[in-house]
Amino acid sequence: MFAKILIANRGEIACRVIRTARKMGVRCVAVYSDADAKAMHVAMADEAVHIGASPVGESYLRGDKIVAAALATGAQAIHPGYGFLSENPDFVDQVTAAGLTFIGPSAASIRAMGLKDAAKRLMEKAGVPVVPGYHGEAQEIVLLASKAREIGYPVLIKARAGGGGKGMRRVEHPDDFSEALSGARREAKAAFGDDRVLVEKYVDKPRHIEVQVFGDNFGNAVHLYERDCSAQRRHQKVIEEAPAPGMTPALRKAMTEAAVKAAKAISYSGAGTIEFIVDASQGLKADRFWFMEMNTRLQVEHPVTEMVTGTDLVEWQLRVAAGEKLPKTQSEITLSGHAIEARIYAEDAAKGFLPATGTLHHLKFPDAAPEGATMRIETGVRAGDAISPFYDPMIAKLVVHGKDRPTALAALGSALAQTEIAGSTVNTAFLAALAADRDFSAGDVDTGLIGRHQEALTVVPPPSGETVAAAALAASGAGAQAAFDDPWSSLAGYAHFHTVARRTRLRHGEEDILARVSVRPDGRFEVALDAPYEAVNSHDLRAVPRLARWPGHITVFEGATSYNFAVPDPLAKADEAAAASDTLRAPMPGLVKLVRVGKGDAVTKGQPLLILEAMKMEHTIAAPHDGVIAEIAVEGAQVSDGTVLVRFAEQDQG
Ligand code: ADP
């Protein structure tokens, strides 16, 4: 076994690899960027090496710096985690050329599966069922359009270099083909520098079911059953589970055999996943599944497989890379119970799952597993850490295991309801709604489920009167006393100082709320609120509210839903209002991508002024009013939250 390894990754996966390595007595070297100098994975590792600035291109994607760090610290092997360099065959070549071991498959296996079209041709040859479609080299529009007709609409155009759902377009009708094709090509070119596509049949009622495979360097390959990852938004997974709901012995046998065949076809070594798409329109049938792609690395959702098979896949990875045989034979790998993973993200579900940033001022996971279940919290952040725009906004993976699916689902719901996160917008309420969704609970899931139920899954009910009252009370100054968690019971001192009603202003979303807090002679208090809320009286309350205070805010937790109340500072507000009229500030850190106007230009209200790229998305900054540009940010500038992007010239309003 290795004495020391380097982990070429960050966040929860780096922490997760360190835990297993430590258990095995292997020392760990972490690498980090500027933004991660104080990150959890750095704190957990035995030693850490700084590899560059915060953008991934200057740090986590710099194979040269990572290999140099491994050599300098005497690490013998490199674990790539997932994402970043994990599926980059040139990096594998760099690692092995330096005399180090890559903890993963060979460069040749990665190359064989790297492009969706070539991988599909290879799998067809190996006798693995592949989605009907065109995977050829020729790319003329006329040819692609005629192939689409042959395949039959609806079709899916996919970037052959694709990943993360980018460069993918579903086309319903031949008339829309050429426009969808240009869109997919544009996106693919920008994201992967390769605009070649494949066209395939869009599968009806599609379910995403994948098989975990594992190979060693002695020609052995096994599967560790399937995972269902059909709960997706923006073609990206949010809840994954094992086994797949409704799986039949016949389909399982066919899929796992095909997966092992695929792994053997490329002499696969290490952890890999064969992703299949399944047509569930007539239930799960053994002849209705097709190969989609292979991920030649450990997957984000690997913990559900570990929980149902009682294995540690990272331990297997280290053993196989160190030259050992697979720890178990196929017949020794058995399934037990049901596991579900929910990905907790900093994102705004109600705004189309827009990624969010922020400092996690308050972060509390359940202390213990819910009744009848076991639980794993996989995270790479602690309270006080930031979700920066540089990296994936995942905060944690909440993984539960129970004797059957209903038990695991109930445990997931209860664990989400006990999770408290304040400082950024998070998706816990959405995840809880999905876990409780009638179709999802029944196991009737397909990749379109979230889209169909989006409205219901993302609607946030207005806060209850009790929630608003708790926030008002906490904001009213009662919390001046330190270590104040329960506004309902800490009023003794408050009553002493404020015997008269006190007015407090709160902001919830776009709504301004005025509350009057008063303490009665008997020590009880009353919070009077404007309609639609009603007065809340302390002795009518059912439970102590759970809340968190953070700069300028109070967050109250009601089940898995968190309600953020801004507590405006009247002085700051006046300042802001004055500034707002002549300056535009960056709403989040990002890159100034395109500047459309120059100094001295007259602009009209609503005119796009510049594009800010943040959280891997483009945001157009438009003029809030007519005016003349006095100053504007330069193209290519990296700006932080609040940086002035545009200043208008002072104008005679006439
Ligand atoms: P990426 O590599 O960009 O993530 P995938 O090929 O893995 O792209 O596909 C992502 C998701 O898109 C799948 O999980 C599935 O939900 C959907 N999808 C892919 N291919 C098809 C298809 N032929 N028919 C219907 N849905 C599909």
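Being a predicted model, the structure only gives us computed values, none of them experimental. (Residues numbered from 1 in each chain as written. Predicted model: local features only at pLDDT ≥ 70, side-chain atom pairs only at ≥ 80, totals over all residues. Heavy atoms only, no water.)

A closer look at the overall build of the protein chain
Helix and strand counts for the protein chain stand at 19 helices and 38 strands. For the protein chain, the C-alpha radius of gyration of 27 Å lies close to 26 Å, the compact-globule estimate for 654 residues. If one aligns the C-alpha atoms of the protein chain with their principal axes, the spans along those axes are about 80 × 65 × 55 Å. Counting every position in the protein chain, which comprises 654 residues, the buried fraction comes to 52%. (Helix = DSSP H or I, 4+ residues; strand = E, 2+ residues; numbered from the N terminus. Rg over C-alpha atoms; globule rule 2.2 N^0.38 Å. Buried < 20%, exposed > 50% of the residue type's maximum accessible area, 1.4 Å probe, protein only.)

Describing the pattern of salt bridges
Counted under the stated rule, the structure contains 52 salt bridges. Salt-bridge contacts for Arg233 lead to Glu347; the nearest nitrogen and oxygen are separated by 3.1 Å. Placement of the pair is Arg233 in strand S11 (residues 221–233) and Glu347 in strand S16 (residues 347–348), with a sequence separation of 114 residues. Like Arg233, the residue Glu347 is buried in the burial classification. Between Lys593 and Glu613 there is a salt bridge, and its shortest N-O distance comes to 3.3 Å. In this pair, Lys593 is assigned in strand S32 (residues 590–595) and Glu613 in strand S34 (residues 608–614), connecting sequence segments 20 residues apart. Ionic contacts of the salt-bridge type, sharing partners, join the residues Arg16, Arg19, Lys23, Glu306, Asp312, Glu315, Arg319, Glu324, Arg376 and Glu378 into one network. (Salt bridge = Lys/Arg side-chain N within 4 Å of Asp/Glu carboxyl O.)

What about the environment of Glu635?
Within the secondary structure layout, Glu635 lies in the loop between strand S36 (627–632) and strand S37 (638–639). Look at Glu635 and you get partly exposed, because its relative accessible area is 47%. On a C-alpha basis, the gap between Glu635 and Val459 in space is 37 Å, while along the polypeptide they are 176 residues apart. In this view, Glu635 contacts Val592, Lys593, Leu594 and Val595; residues no more than four positions away in its chain are not counted. (Contact = heavy atoms within 4.5 Å.)

Concerning the packing of aromatic side chains
The final tally for this structure, using the stated rule, is 7 aromatic pairs. A centroid spacing of 5.6 Å and a plane angle of 80 degrees characterise the contact between Tyr60 and Tyr391, whose relative ring orientation is edge-to-face. Of the two residues, Tyr60 sits in the loop between strand S3 (47–52) and helix H3 (63–73) while Tyr391 sits in the loop between strand S21 (386–387) and strand S22 (394–402), which places them 331 residues apart along the sequence. Here Tyr60 falls in the buried class, since its relative accessible area comes to 0%. Since its relative accessible area comes to 5%, Tyr391 is described here as buried. Ring geometry for Phe353 and Phe430: centres 4.9 Å apart, planes at 70 degrees, overall edge-to-face. (Phe/Tyr/Trp six-rings, centres within 6.5 Å; stacked < 30°, edge-to-face > 60°.)

Quick notes on the site of the ligand
For the ligand, the set of nearby residues contains 23 residues, the closest of which are Lys116, Gly165, Val203, His208 and Gln232. One nitrogen or oxygen atom from the side chain of His235 is found 3.3 Å from an oxygen atom belonging to the ligand. When the ligand sits alone it has 560 Å² of accessible area, and the protein chains cover 96% of it. Every element with two or more residues in the shell around the ligand is listed here: strand S7 (155–159), strand S9 (197–201), strand S10 (206–215), strand S13 (270–279) and strand S14 (289–295). (Near = heavy atom within 4 Å. Polar contact = N/O pair within 3.5 Å; in protein donor to acceptor, adjacent residues only side chain to side chain. Areas by Shrake-Rupley, 256 points an atom, 1.4 Å probe, with all protein chains shown as cover.)

Notes on the UniProt feature "domain: Biotin carboxylation" (unreviewed entry) in the protein chain
Mapped onto this structure's residue numbering, the UniProt feature "domain: Biotin carboxylation" (unreviewed entry) falls at residues 1–455. Helix makes up 33% of residues 1–455 and strand 27%, with an end-to-end C-alpha separation of 51 Å. (UniProt positions renumbered as here; feature names shortened; annotations may be inferred.)

Overview of the domain arrangement of the protein chain
According to the domain assignment, the protein chain consists of domain 1 (4–102), domain 2 (132–201), domain 3 (355–460), domain 4 (465–566) and domain 5 (576–648). Relative to domain 5, the C-alpha centre of domain 3 lies at a distance of 35 Å. (Domains from an automatic or database assignment.)

Points about the state of the cysteines
A covalent bond between the sulfur atoms of two cysteines is referred to as a disulfide. Under the defined criterion, the tally for this structure stands at 0 disulfides. Distance from the sulfur of Cys15, which forms no disulfide, to the nearest cysteine sulfur (Cys28) is 10 Å. By relative accessible area, which is 1% here, Cys28 ends up buried. (Disulfide = S-S within 2.5 Å.)

Here's the deal with the sheet that holds S10
Here we have 8 strands laid out as an open sheet, ordered S14-S13-S10-S11-S12-S15-S22-S20, and antiparallel in their pairing. Strands at the two margins of the open sheet, each flanked by one partner only, are S14 and strand S20 (374–379). Shown here is a sheet whose adjacent strand axes are inclined to one another by a mean of 25 degrees, direction ignored. Of the pairings in the sheet, the one linking strand S12 (residues 236–242) to strand S15 (residues 338–345) comprises 4 bridges and is antiparallel in character. Within S15, the residue paired with Ala242 across the bridge is Ala339. Across the sheet, helix H11 (residues 313–321) touches S10, S11 and S13, and the angle it forms with S10 is around 40 degrees. (Pairing = 2+ DSSP bridges. Axes fitted to C-alpha atoms, helices over the stretch in contact; angles between N-to-C directions.)

Looking at the pairing of S36
Where strand S33 (residues 602–603) lies against S36, 2 bridges are found, and the strand directions are antiparallel. Its bridge partner being in S36, Val603 is matched across the sheet by Gly627. Note: S36 against strand S38 (residues 644–648), 3 bridges, orientation antiparallel. Within the sheet, the bridge partner assigned to Ile629 lies in S38 and is Phe648.

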